[in-house]
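# Fold and contact review
The primary structure of each chain is shown beneath.
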Amino acid sequence: DEAPVLHRALLVWLLSLTVLFCTNLGQHATTGELWPRLHEAGGAVQGLWNACQLNALRRHLSYPSVDERLGVAAAALASAVVVCAPLLRPHLHDPICGAVTALTVPFIVGTMGVLSRRAASGGDDRAWWLFKRSCIGLVLVGALTGPHGLERRMCGFAVLRVAYHALIDHACIWCLFGGVGQNAVHLVDLAVRPKQRARCE
């Protein structure tokens, strides 16, 4: 394996993304405050590991970055804080998740944009197309879903609300995370493949 830390960070991020969607399933199946809070914490944790994976990728490509093992340790520690601190101090849940999002989203969007554009300049248009899809999904999620988007205006229309959530909401999320997930794997493959080919030759 040419990049063991990079591959492990990618795997942990994909697992955290799976957990995030499992918490969303819990939201759909039950009521109460537990699952929404777990879902918000899961969103923050997957953001931390996505940033960790991208830092390792930057390190692999000799871009400015922190040591990849330090990045893994920081992501693990921060994830523990996100999950555990609100259990002891519930009022810290929103500030912690908000701070993590504010720190990770610009780094994730900026890094994926730079690396996707770099791939496009090298003749690979798929990464750039997936990045644009992710950005469109991010805008749509913010504008059309959740308590801050258009979805909240559907509260008085039960049938319309269910249909909107099932179709529009999930399509926006698929656009965002489908693009981010595919692009993350694709960018790692583009970075590692030339070194593997050189070693075989």
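Residues numbered from 1 in each chain as written. Predicted model: local features only at pLDDT ≥ 70, side-chain atom pairs only at ≥ 80, totals over all residues. Heavy atoms only, no water.

## A look at the pattern of salt bridges
- Counting across every chain of the model gives two salt bridges.
- In this structure, Asp67 and Arg59 form a salt bridge, with 3.9 Å as the shortest nitrogen-oxygen distance.
- For Arg59, a relative accessible area of 37% puts it in the partly exposed group.
- The partner of Arg69 in a salt bridge is Glu68, and the shortest N-O contact between them spans 3.9 Å.
- Of the residues examined, Arg69 reaches a relative accessible area of 53% and is grouped as exposed. (Salt bridge = Lys/Arg side-chain N within 4 Å of Asp/Glu carboxyl O. Buried < 20%, exposed > 50% of the residue type's maximum accessible area, 1.4 Å probe, protein only.)

## Re the packing of helix α3 (residues 68–88) against helix α4 (residues 93–121)
- Where α3 contacts α4, the axes come no closer than 9 Å and their chain directions differ by 165 degrees. Relative to α4, α3 is oriented roughly antiparallel. At the point where α3 passes α4, the crossing takes the right-handed sense. When α3 is examined against α4, the residues Val81, Val82, Ala85 and Pro86 are found in contact with a partner set consisting of His93, Ile96, Cys97 and Val100.
- Its residues assigned to classes, the contact of α3 with α4 shows seven nonpolar, one polar and no charged. (Axes fitted to C-alpha atoms, helices over the stretch in contact; angles between N-to-C directions. Helix = DSSP H or I, 4+ residues; strand = E, 2+ residues; numbered from the N terminus. Parallel < 35°, antiparallel > 145°, perpendicular 65-115°, else oblique. Left-handed = near helix turned anticlockwise from the far one by under 90°. Contact = heavy atoms within 4.5 Å. Nonpolar A, V, L, I, M, F, W, Y, C, P; charged D, E, K, R; others polar.)

## What to know about the nonpolar core
- Counting residues in each nonpolar core, the largest one holds 37 residues, and the members touching the most others are Leu6, Trp13, Leu57, Val82 and Met112.
- Listed by contribution, the elements that provide at least two residues to this core are α1 (4–29), α2 (34–60), α3, α4, α5 (125–144) and α6 (158–200).
- For this core, the element with the most residues is α2, which contributes ten residues.
- Setting aside residues no more than four positions away along its own chain, Leu57 makes contact with Leu6, Leu115, Leu187, Val188 and Ala191. (Core = buried A, V, L, I, M, F, W, Y, C linked by side-chain atoms within 4.5 Å.)

## Overview of the side chain of His60
- Take His60: it is sitting in helix α2.
- On the basis of relative accessibility, which here comes to 14%, the residue His60 falls in the buried class.
- Only 3.5 Å separates the side chain of His60 from the backbone oxygen of Ala191, close enough to count as a polar contact. (Polar contact = N/O pair within 3.5 Å; in protein donor to acceptor, adjacent residues only side chain to side chain.)

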